[in-house]
Amino acid sequence: MTLIKSISGIRGTIGGRPNENLTPVDTVKFAAAYGRWLQKHTGRMALKVVIGRDARISGEMIQNLVVSTLVGLGMDVIDLGLSTTPTVEIAVPLEKADGGIILTASHNPKQWNALKLLNSKGEFLNAEQGAAILDIAEREDFSFATVDSLGSVVNNDAYFDIHIDEVLDLELVDADMIREKKFKVVVDGVNSSGGIAIPMLLEALGVEVVKLYCDPTGQFPHNPEPLKEHLGDICKLVVEEKADFGIVVDPDVDRLAFISNDGEMFGEEYTLVACADYVLGKTKGDTVSNLSSSRALRDITEKHGGQYHAAAVGEVNVVEKMKEVNAVIGGEGNGGIIYPDSHYGRDALVGTALFLMLLSERGGTVADLRASYPAYYMSKKKIELTPDLDVDRLLEAMADKYSKEDISTIDGVKIDLAESWVHLRKSNTEPIIRIYTEAKSQQEADALGDRIMEEIRETAGINS
């Protein structure tokens, strides 16, 4: 059982003892700290906050605790009930709210839940703001409203429809063109809110939907992270149904993966590549992804005459870089699409619509589309370190060793080689270094990862 407090929020497993797991006590304390931070940040006591949750089993309990805590602080709450991360992000500015909280542990298993915190723009808080909330929670620096100053709750279940209308209204989405193609798509909603939202969007676009695990019970039928080893059922069903492709989302619907018509993974890394290919064909500009994402996005961006930029790992870092360079699209290699014409947050609904537009214009199969992109293969490894080791000095030594190569140190050490790259990052929670590599074949990516691991061991004096 675990409770993880970080600048991006609080997450943990349900049950157990306070301050060791995500208990009702911890939930109330952290919600109160966020509310108090909003009051200090805005200089006002009576505020408005949007709340939504994914379908995990503990969601209703956690939501009741959070809503009641904010009401107890004197705040008004717009309660979306069952929702998605991008839906809450869109709702915050539309409701002219002061902030928002999404209750979801994203791709973590069902025993986990979390509070993700938003500002008045519906965007994630930065590191400094997150640290301030942790400090307030630690000191319990909050007081509650008197009986005549309690907040109120308004339930609003219209935001799936509002979100879908926002997607259909995007300039680069031609709903009529998609409807003419009469696509057939299988959807795996992992028994969470994506099983509602994604089929609703597809049906609005005239797509025939085959539902798999779309009952929002929170009983995840497989590991909810949309990786190949978890998706055997939908891969099989896409072929059986002779569908054009399959769509998989995580429980809070900010990550998006596709299954090709042949039952093979399109590749989470290539979700962003495909969506960017479509957007860049219509809108000239630059792109951003994090340092651990595929080089294929750089290739596609340069093919369209744009410039690719890398950001530190983490959605808030990607968004900050996108704003800095005025990128037309960006995201993360885990299937997260950030399209500023909609909003600055990862959004599987927006990504689905952009992908359908690309298919509508290009023709051919999804397998054909995947084959048209540069082929890269990734390897992800980690190496355990002794607690007394100076990890920062070790990473500096690796950067010095490869100083003649193209090096980035904005987030660990990224070494760009002619035909491959390696990204070394230290974990914030355990004594390990993560080693991500990418090359033109799986064998080369694995070999590069093994080589770097051995070099780290030699540099650190660690026995293999």
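Refer to the structure above for everything that follows.
Because the structure is predicted, anything quoted here is derived from the model rather than measured.

Trainee: Teacher, can you tell me more about the sheet that holds strand S8 (residues 184–188) here?
Mentor: What links the strands of a sheet is backbone hydrogen bonding, and the strands pair in either a parallel or an antiparallel sense. With mixed pairing, 4 strands are arranged side by side in an open sheet as S9-S8-S10-S11. The strands lining the two open edges of the sheet, one partner per strand, are strand S9 (208–212) and strand S11 (256–259). Sheet twist, expressed as the average angle between the axes of neighbouring strands with direction ignored, equals 25 degrees.

Trainee: Hey, could you run me through the sheet that holds strand S15 (residues 336–338) in this one?
Mentor: Spatial ordering of the open sheet is given by S13-S12-S14-S15, a layout of 4 strands whose pairing is mixed. Two strands close off the open sheet at either side, each with one partner strand: strand S13 (308–311) and S15. For this sheet the average axis-to-axis angle between neighbouring strands, irrespective of direction, equals 20 degrees. Sheet strands in contact with helix H10 (residues 296–303) are strand S12 (287–290) and S13, and its direction is about 175 degrees off that of S12.

Trainee: I tried to follow the nonpolar core on my own but got confused; where do I start?
Mentor: A general trend in soluble globular proteins is that nonpolar side chains are found buried together. Core analysis: the largest hydrophobic core is formed by 58 residues, its most contacted members being Ile329 and Phe355. Examining the composition of this core, we find that 10 residues originate from one element, helix H12 (residues 348–362), more than from any other. Grouped together as the second largest cluster of nonpolar side chains are 30 residues, Ala32, Ala33, Tyr34 and Leu115 included.

Trainee: Explain a negative patch on the surface to me, please; I cannot follow it from the model alone.
Mentor: A surface patch of negative charge is lined by Asp157, Asp161, Asp165, Glu166 and Asp169. Tracing the chain through its elements places Asp161 in helix H5 (residues 159–168). Residue Asp161 is classed as partly exposed on the basis of its relative accessible area, which comes to 44%.

Trainee: Would you take a moment to explain unusual backbone geometry for this structure?
Mentor: A negative phi angle characterises most non-glycine residues, just as the trans form characterises most peptide bonds. Even without glycine at this site, Asn19 takes up a positive phi of about 70 degrees. Along the chain, Asn19 falls in the loop between strand S2 (9–13) and helix H1 (24–42). The phi torsion at Val253 lies on the positive side, around 70 degrees, for a residue other than glycine. Here Val253 lies in the loop between strand S10 (245–249) and S11. Residue classification places Val253 among the buried positions, given a relative accessible area of 0%.

Thresholds applied
- Residues numbered from 1 in each chain as written.
- Predicted model: local features only at pLDDT ≥ 70, side-chain atom pairs only at ≥ 80, totals over all residues.
- Heavy atoms only, no water.
- Pairing = 2+ DSSP bridges.
- Helix = DSSP H or I, 4+ residues; strand = E, 2+ residues; numbered from the N terminus.
- Axes fitted to C-alpha atoms, helices over the stretch in contact; angles between N-to-C directions.
- Contact = heavy atoms within 4.5 Å.
- Core = buried A, V, L, I, M, F, W, Y, C linked by side-chain atoms within 4.5 Å.
- Buried < 20%, exposed > 50% of the residue type's maximum accessible area, 1.4 Å probe, protein only.
- Patch = residues over 30% accessible without salt bridge, like charges linked within 9 Å, V, L, I, M, F, W, Y side chains within 5 Å.
- Areas by Shrake-Rupley, 256 points an atom, 1.4 Å probe, with all protein chains shown as cover.
- Salt bridge = Lys/Arg side-chain N within 4 Å of Asp/Glu carboxyl O.
- Lys, Arg positive; Asp, Glu negative; His and termini not counted.
- Charge placed at Lys NZ, Arg CZ, Asp CG, Glu CD.

Any functional reading would require information beyond the geometric quantities listed.
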